[in-house]
Amino acid sequence: MSFDKEDYLTQRVKNKKPYNLNAMKILIERDRLIEELEIITSFASKTSKKDEYGIISFRLDNSQLILNAFTPDIFYSGSIKVDAKSDDKKEFFADAKTLLSLVRNLKKRDITIVVNETLNISDSEIEYKIPLISSDYFIPFEEIKPEKSFQIELGKLLDALSKVHFCTAEHDEVRLYLTGIHINSKGKDIDFVASNGHILGLYKLELDNELPTFKITIQEKLYDILKKIHSYRKNVIINFAFNEDYVVIEFQDTNRKIYSRLFSEAYPDYDRIIPKEFSFSFTTSIEQLKEKIKSIKVISPFTIHFEFEKDRCRIYAKEESEFSSYITGNAEQFVDNNTYKISFSFEQFSNLIKGIDDAYLIDIKIKDKNSPVMLSVNENKNFYLIMPIASAQDD
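Computed from a predicted structure; not experimentally measured.

Peer 1: Before we move on, can you summarise the overall build of the chain with the specific residues and values?
Peer 2: Summing up its helical and strand segments, the chain has seven helices and 26 strands in all. When each of the 395 residues of the chain is scored for burial, the buried share is 53%. Summarising the internal contacts of the chain: among those between residues at least 6 apart in sequence, 67% fall at separations of at least 24. Surface accessibility of the chain: about 20,000 Å² in total, with carbon and sulfur atoms responsible for 45%.

Peer 1: Would you mind going over the pairing of strand E16 (residues 246-251) in detail, with residue names and values included?
Peer 2: With five of its six residues buried, E16 lies for the most part within the structure. Looking at chain direction, strand E15 (residues 237-242) and E16 are connected through five bridges and run antiparallel. The residue of E16 that forms the bridge with Ala 241 is Val 248. Examined bridge by bridge, E16 and strand E17 (residues 257-261) share five bridges and lie antiparallel to one another. Across the sheet, residue Glu 250 finds its bridge partner in E17, namely Lys 257. The turn linking E16 back onto E17 is made up of five residues.

Peer 1: Can you tell me about the packing of aromatic side chains, naming the residues and giving the values?
Peer 2: Within this structure, the stated rule accounts for 16 aromatic pairs. On the basis of an interplanar angle of 55 degrees and a centroid distance of 5.1 Å, the ring pair of Phe 280 and Phe 308 is categorised as tilted. Of the two residues, Phe 280 is situated in strand E18 (residues 280-285) and Phe 308 in strand E19 (residues 303-308); the sequence distance between them amounts to 28 residues. Consider the rings of Phe 306 and Phe 344, whose centres lie 5.7 Å apart with planes at 75 degrees: the pair is edge-to-face.

Peer 1: Explain the confidence of the model for the chain to me, and be specific about the residues and the numbers.
Peer 2: Taken residue by residue, the chain gives an average pLDDT of 85. The fraction at 70 or more is 87%. The least confident element of the chain is helix H1 (residues 8-11), whose mean pLDDT is 33; the most confident is strand E11 (residues 180-185), at 96. Predicted confidence for residues 1-21 stays below pLDDT 50, and this span has 48 contacts to residues more than four positions away or in other chains. Every residue in residues 47-51 scores below 50 in pLDDT, and together they form four contacts with partners more than four places removed in sequence or on other chains.

Peer 1: Before we move on, could you go through the pairing of strand E23 (residues 340-345) and cite the residues and values that matter?
Peer 2: Most of E23 sits out of view: five of its six residues are buried. With six bridges connecting them, E19 and E23 associate as antiparallel partners. Bridge pairing links Ile 304 to Phe 344 in E23.

Peer 1: Go over helix H4 (residues 154-162) with me, naming the residues and quoting the values.
Peer 2: Looking only at H4, the buried set comprises Leu 154, Leu 157, Leu 158, Ala 160 and Leu 161. Projected down its long axis, H4 carries its buried residues within an arc of 160 degrees, all on one side.

Peer 1: An account of the environment of Lys 365 is needed here, citing residue identities and associated values.
Peer 2: Secondary-structure assignment places Lys 365 in strand E24 (residues 361-366). Under the relative-accessibility criterion, Lys 365 is labelled buried at 16%. C-alpha of Lys 365 to C-alpha of Ser 376: the two residues are 11 residues apart in sequence and 7.6 Å apart in space. Apart from residues lying up to four places away in sequence, Lys 365 is in contact with Phe 278, Phe 280, Ser 281, Val 373, Met 374, Ser 376 and Asn 380.

Peer 1: Describe the sheet that holds strand E20 (residues 312-318), and please don't skip the residues or the numbers.
Peer 2: One open sheet accounts for four strands, arranged E21-E20-E19-E23; its pairing is antiparallel. Strand pairing shows two members of the sheet lacking a second neighbour, strand E21 (322-328) and E23, which therefore form its edges. For this sheet the average axis-to-axis angle between neighbouring strands, irrespective of direction, equals 20 degrees. The sheet contact formed by E19 and E20 spans four bridges and is antiparallel. Its bridge partner lying in E20, Phe 308 is registered against Cys 313. Docked against the sheet, helix H6 (residues 286-297) engages E19, E20 and E21, running at close to 175 degrees with respect to E21. Sheet contacts for helix H7 (residues 346-355): E19 and E23; angle to E23, the most-contacted strand, approximately 90 degrees.

Peer 1: Tell me what's going on with the packing of helix H2 (residues 30-41) against helix H5 (residues 221-232), and back it up with residues and numbers.
Peer 2: Between H2 and H5, the shortest axis-to-axis distance is 9 Å and the interhelical angle comes to 160 degrees. One element, H2, and the other, H5, form an angle in the roughly antiparallel class. Read as a crossing pair, H2 and H5 show a hand that is right-handed. Note on element contacts: H5 touches H2 through Ile 225, Lys 228, Ile 229 and Tyr 232, opposite Ile 34, Glu 35, Glu 38 and Ile 39. For the contact of H2 with H5, a count of residues per class yields five nonpolar, no polar and three charged.

Peer 1: Which residues make up the side chain of Asn 239, and what are the values?
Peer 2: Take Asn 239: it is sitting in strand E15. For Asn 239, the residues in contact, after removing those within four places along its chain, are Ser 149, Phe 150, Gln 151, Val 248, Ile 249 and Glu 250.

Peer 1: Outline helix H3 (residues 96-105), supporting the account with residue identities and numerical values.
Peer 2: Every buried residue of H3 is accounted for by Ala 96, Leu 99, Leu 100, Leu 102 and Val 103. One side of H3 carries all its buried residues, which in axial view fall inside an arc of 170 degrees. Turning to H3, the residues buried within the fold contact H2, strand E2 (55-61), strand E6 (91-95), strand E7 (110-115), strand E8 (118-122) and strand E9 (127-131).

Parameters and conventions
Residues numbered from 1 in each chain as written. Predicted model: local features only at pLDDT ≥ 70, side-chain atom pairs only at ≥ 80, totals over all residues. Heavy atoms only, no water. Helix = DSSP H or I, 4+ residues; strand = E, 2+ residues; numbered from the N terminus. Buried < 20%, exposed > 50% of the residue type's maximum accessible area, 1.4 Å probe, protein only. Contact = heavy atoms within 4.5 Å. Areas by Shrake-Rupley, 256 points an atom, 1.4 Å probe, with all protein chains shown as cover. Pairing = 2+ DSSP bridges. Phe/Tyr/Trp six-rings, centres within 6.5 Å; stacked < 30°, edge-to-face > 60°. pLDDT = per-residue confidence, 0-100. Arc of directions from axis to C-beta. Axes fitted to C-alpha atoms, helices over the stretch in contact; angles between N-to-C directions. Parallel < 35°, antiparallel > 145°, perpendicular 65-115°, else oblique. Left-handed = near helix turned anticlockwise from the far one by under 90°. Nonpolar A, V, L, I, M, F, W, Y, C, P; charged D, E, K, R; others polar.

Shown next, in the form of structure tokens:
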């Protein structure tokens, strides 16, 4: 692939070439075009302020309309079966976000696209005209040669990614790999790991079939793209192929492909920081915990405090404003007539709890106040780590 971020400016076509198109007429299904445009805008229009990352390329190839879009890290290719009148494989370019907003306003099942000096899009009642965009802004790509591959249900992969994606860092220019999701295949088990340096999420996916062993770190944006595709395509099998630099995801039900750059930096040894023994644990319902977190958020505290007893836990914040409430639960390895106190960053703890959306019970497991605390759900197949912080309230 040639959409390298560092080489981006040098790869532009320096000499602009005017359009010289005979009229191209395409009859296309409205909903299929919306599907492709929504997938593309889910990542291309949000990547940067650069307008060129929201540009979509259209190319007619017999009865298939090929749609391509790119960012510095992702190249997307999809296709739609159309009824077209054209004598060659012309290519044209338009702004994806603008085109999507116009197509949504059309109401008929079938719409018509006519390309000459402008892009005309219409149904039997409404017609829009938008300018075409110069091809200078669009970078071609080259096919990559995968070294390993496996097949998996899209829903199963998406479910695993959903368990940890919210633990990634939004921005970390020094440790770029923390903005991605690490995948560690051990054969029949795959670890999906994400961390922002303060919290860590891990989900263990168990498979019936044996996979090649590998360790890769993918772009978190892939989760958004796959989630959008899954909203249209259920029960789809994908081919997941990769080499040292890129991953290619191919969909068996369409000609859709996603090419994405992998992070080159080695991911930290997360096994090393996972506590193996615990001195205390407390089991409660996740909904109770979420309700209290939501109530505390009103006073915007920096720190959240927990005071565990045998069958309940006091959750409180005490800064300029105060909050205090209890949740019920069950403690294990607990000393009678005593309490166990521990504190966390409210921002990190609340973001972590907010992301857990498919569990009923949560086990809070503590080794000591100097080690990561484990929040375990789904019978330990899914757990999260968060470091406690020192507080005078814990004395």
